[in-house]
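Structural overview
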2 protein chains.
Amino acid sequence: MAGTVTVPGSSVPSTPLLKDELDIVIPTIRNLDFLEMWRPFFQPYHLIIVQDGDPSKVIKVPEGFDYELYNRNDINRILGPKASCISFKDSACRCFGYMVSKKKYVFTIDDDCFVAKDPSGKDINALEQHIKNLLSPSTPFFFNTLYDPYREGADFVRGYPFSLREGAPTAVSHGLWLNIPDYDAPTQMVKPRERNSRYVDAVLTIPKGTLFPMCGMNLAFDRQLIGPAMYFGLMGDGQPIGRYDDMWAGWCVKVICDHLSLGVKTGLPYLWHSKASNPFVNLKKEYKGIFWQEDIIPFFQNATLSKECDTVQKCYISLSEQVKEKLGKIDPYFVKLADAMVTWIEAWDELNPSDAVVAAGNGKAAAK
Amino acid sequence: MAGTVTVPGSSVPSTPLLKDELDIVIPTIRNLDFLEMWRPFFQPYHLIIVQDGDPSKVIKVPEGFDYELYNRNDINRILGPKASCISFKDSACRCFGYMVSKKKYVFTIDDDCFVAKDPSGKDINALEQHIKNLLSPSTPFFFNTLYDPYREGADFVRGYPFSLREGAPTAVSHGLWLNIPDYDAPTQMVKPRERNSRYVDAVLTIPKGTLFPMCGMNLAFDRQLIGPAMYFGLMGDGQPIGRYDDMWAGWCVKVICDHLSLGVKTGLPYLWHSKASNPFVNLKKEYKGIFWQEDIIPFFQNATLSKECDTVQKCYISLSEQVKEKLGKIDPYFVKLADAMVTWIEAWDELNPSDAVVAAGNGKAAAK
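This is a predicted model, so every value here is computed, not measured.

Right, let's get into the relation of the copies chain A and chain B. After a rotation of 180° and a shift along the axis of 0.0 Å, chain A superposes on chain B with an RMSD of 0.0 Å. The operation mapping one copy onto its partner corresponds to a two-fold rotation axis. Closest approach to the rotation axis among the C-alpha atoms of chain A is made by A:Val200, whose C-alpha sits 2.8 Å away.

Here it is, written out as C-alpha cells:
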C-alpha cells in the first residue's frame, strides 16, 4: 500500500488530495509501462486495472503501485450472468472498475496518455486539477463569461444573478488532450496530420440542457453523485458498434445531471495523447454510430425524467425504458442495450448496497 | 475618408477586413484620445460617435479618423418624439449609433478600453478577431469540447453529430477584458484589487437555451441578422436603473437568436480595460437591477416566441408584450420599458426601410 509520497523538486503536494477517497481506473490490454511517467502523481492512489481481452495474458504493473486487477474471468465470477452487461474486447469494460470501486471519486485514463506540459513547461498534474474541478461547484444555470468563477483570480461577472452564485455540486470533470485530438475516423482520415497544440487555460460548466461529446480518456467523476449512470454500454465483441461507449455514458450522464441539478465541467486538465488509433479500424467500429447518433442526439435532447426519478438509479431505469421504446425502432441493438442498462443497475446495486442508500439521499436533496 | 492603411512592421492586414461593411460605434462624454492607441486597427473604418450628456461640449477626435458624431440635439432632431427611447446620461445611448449605421456589421467599444497584448507580447487586433468570429459559423446546438471547431488547428471532436457541423450563422461576437474585469458593484467592493490576467485562448458558442451576461464594452454583431434586438433600454437620466443596458440587450438578443437559430460567441478578443468605475456610484445605479434580475432571468428563460415571429422585429415586439404583461407586475418601469421597446423598433424601421426587408428575408430563412 503506497503511503504519502514527497518527490523532491516536484510540484506534487506532500499530502495528495483525496488520497483515500479516489480510485484510478485503467482499462488495458498491455503492460502498464505508461505508469512510470505518472508515478509522482498516481503512486499515492489506489489503481483498479480492468484487463481486456485474453485473461490468460499477464499484465505487468510497475513496482510500487497499489492496485487490484480484474480480467474477464474475474468479471464473470463476480457478476455471474450479469457480466453480460460488461463489454469485451473494448475499453468500455472500464466501467466494471467504477462498479467495484469503494471510493467516492473515480479518475479514469487511457494507457496511451502521458503527462502533458503547461505553457510554462511544467508537468501538469492532471489528477490534482480534476480533484479541484470536482471539489468546487459548477454553474449550469447561467453562463459566466470569465469561465470558472470559483477559480483564483476570477469571479462572477456583472449581471450574473446572485441567487445562482452558490452553484451546483460537480458530478463530472472532463479533461482534454494535447497532441492527438479525439477525432472520429472520418476526421482522422481527412486531417491525418492535425495535432492539438492549443492550451486553453479554462474550466467551464457545460450549461443545463446542452449535450456534449464525453471522452473517456481523461475523465473524473463523483461516484456517489453520478456513478450508476457511468455505464459505458455494449461495445466491441459481438456488438455492431464501438467507440461510442464514452459518448453513450456522456449523453445519459448529462441528461441525469441536468435533471438532478448536478454540474458537468470540461476544460483543464490536459494530458498528452500519444498515439492516434487506426482510422480504418475506427471507421469500421464507428460507422453505424455515425448514422445512429443523428437520431440518438434528438432522443436525448428530448428525453424527460419525472419528479419521481429522484435517484440516479431511478433516472437511469427510466432512460432505459425510453431507449427501448424510442431507439428500439432504429435497430434491435438498442433493445439489447436497454436491457443491459437495467442489468448494469442491478449489478451496481448488488455490489454497492450502501452506495444505493447514500445515492437515494443525495438524489432527494438534489432533485428539483 | 481614410483609405487602406499599411503600417510598417505591424500585423495589420494591408486590406482591412470588411472595411466598407463595418462601423465602429463609440459612446463618449470626453475627447477621444484613446483612439490614438487604436489608430493602426481602426483608422480604415468609419466611426459613429454618440456624444452623451451636454451637447454644447465639444468632443475632440484625433486627426485622420473618418467619423460622424451625434449629440443629444441630433438624436432629438432625427428621431423627433421617438427620441424618448434613447437613454440620456448613460452609455446606453450608444444604440442610437446602431440605428443610424448603414453597414452590415457593428463593433462597439468603450473609450476606457485600450489595446491588450497576447501572451507573446503582440498587440491584439480586437476588431480583426471579432470579424473572424462573425464571419465563421457558430455551434449553438451541441457543445464542442475543443471550442471553436472552425478555427485553424481545431475541428469537431468524435461524437459530434455530422448533421450539425455546418453550424449556424453568427449574429454576435462578445469579447473579454484583461486588467479590470467587468464586475458588479458588490464584487468590486469585495475584491477591489482583483485584476484579470488570465488570457484564455478560446472562442466558444454559448449554447442554445443558455443566457449569458452580455457586456457592451467590447462587442460586435451582424446588424442585418440581429440589429433591431440590440436595444440598450432605458437607463440613466430619469430612470430608476443603470448598468443593465447591455445586460438587457443580451437577454433579448439571446432569446431571439435561439428562436431564429443564430449563434452567439464569446471569448477572444481581449482588450485592456483601463479603469474601474466607482463602485459606490455603480451600486446606486445597479441596486434595483440586482433585485429585479432575479425575476428577469427566469422570465427570459421561459419566454417563448411563436412560429409567426419570423423576423427580429416581430420577435422583439412579441418580447415587449411579454415584458409588459409579466415584468410590469414587478415595477411600472417595465411598462415604460416595454413601450420604449416598441418605439425603438418603429424608429429602427423608419431609419432602415431596406434593412427591414432584408431582415424579413433572413428571418424567414433562419426561423425554425
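Glancing now at the environment of B:Asp245. All names here are of chain B. Residue position: Asp245 is located in helix H7 (residues 245–260). On the basis of relative accessible area, Asp245 is assigned to the buried category, the value being 4%. With 155 residues separating them along the chain, Asp245 and Asp90 place their C-alpha atoms 8.8 Å apart. When sequence neighbours within four positions are dropped, the list of residues in contact with Asp245 reads Asp90, Ser91, Ala92, Tyr231, Phe232 and Met235. Separated by 3.3 Å, the side chain of Asp245 and the backbone nitrogen of Ala92 make a polar contact.

This brings us to the interface of chain A and chain B. Taken together, the contact pairs 60 residues of chain A with 60 residues of chain B. Across the chain A/chain B interface, buried area totals approximately 5,000 Å², and carbon plus sulfur atoms make up 57% of it. Scanning the region where chain A abuts chain B turns up 10 salt bridges. Across the salt bridge formed by A:Arg158 and B:Asp182, the nearest N and O atoms sit 2.9 Å from each other. At the junction of chain A with chain B, the criterion picks out 26 residue pairs in polar contact (both at pLDDT 80 or more). Listed by contribution, the elements that provide at least two residues to the side of chain A that touches chain B are strand S6 (170–179), helix H5 (185–190), helix H7 (245–260), strand S9 (263–273) and helix H8 (279–302) of chain A. Broken down by element, the residue count for the side of chain A that touches chain B peaks at six residues, all from H8(A). Taken together, the residues of the side of chain A that touches chain B sort by class into 31 nonpolar, 12 polar and 17 charged.

This chain's UniProt record puts "site: Required for activity" (unreviewed entry) on A:Arg158 and A:Arg165. Mapped onto the fold, A:Arg158 is located in the loop between helix H4 (126–135) and S6. Residue A:Arg158 is classed as buried on the basis of its relative accessible area, which comes to 5%. A distance of 2.9 Å separates a polar atom in the side chain of A:Arg158 from the backbone oxygen of B:Arg243. For A:Arg165, a relative accessible area of 12% corresponds to the buried category. Those residues in contact with A:Arg165 that lie beyond four places of it in its chain are A:Tyr150, A:Phe156, A:Val157, A:Tyr160, B:Asp184 and B:Thr187. Within the local environment of A:Arg165, its side chain forms a polar contact with the backbone oxygen of A:Val157, the two atoms lying 3.5 Å apart.

So, how was this worked out
- Residues numbered from 1 in each chain as written.
- Chains lettered and ligands numbered in written order.
- Predicted model: local features only at pLDDT ≥ 70, side-chain atom pairs only at ≥ 80, totals over all residues.
- Heavy atoms only, no water.
- Least-squares fit on C-alpha atoms with pLDDT ≥ 70 in both.
- Helix = DSSP H or I, 4+ residues; strand = E, 2+ residues; numbered from the N terminus.
- Buried < 20%, exposed > 50% of the residue type's maximum accessible area, 1.4 Å probe, protein only.
- Contact = heavy atoms within 4.5 Å.
- Polar contact = N/O pair within 3.5 Å; in protein donor to acceptor, adjacent residues only side chain to side chain.
- Buried area = accessible area lost by both parts, 1.4 Å probe.
- Salt bridge = Lys/Arg side-chain N within 4 Å of Asp/Glu carboxyl O.
- Nonpolar A, V, L, I, M, F, W, Y, C, P; charged D, E, K, R; others polar.
- UniProt positions renumbered as here; feature names shortened; annotations may be inferred.

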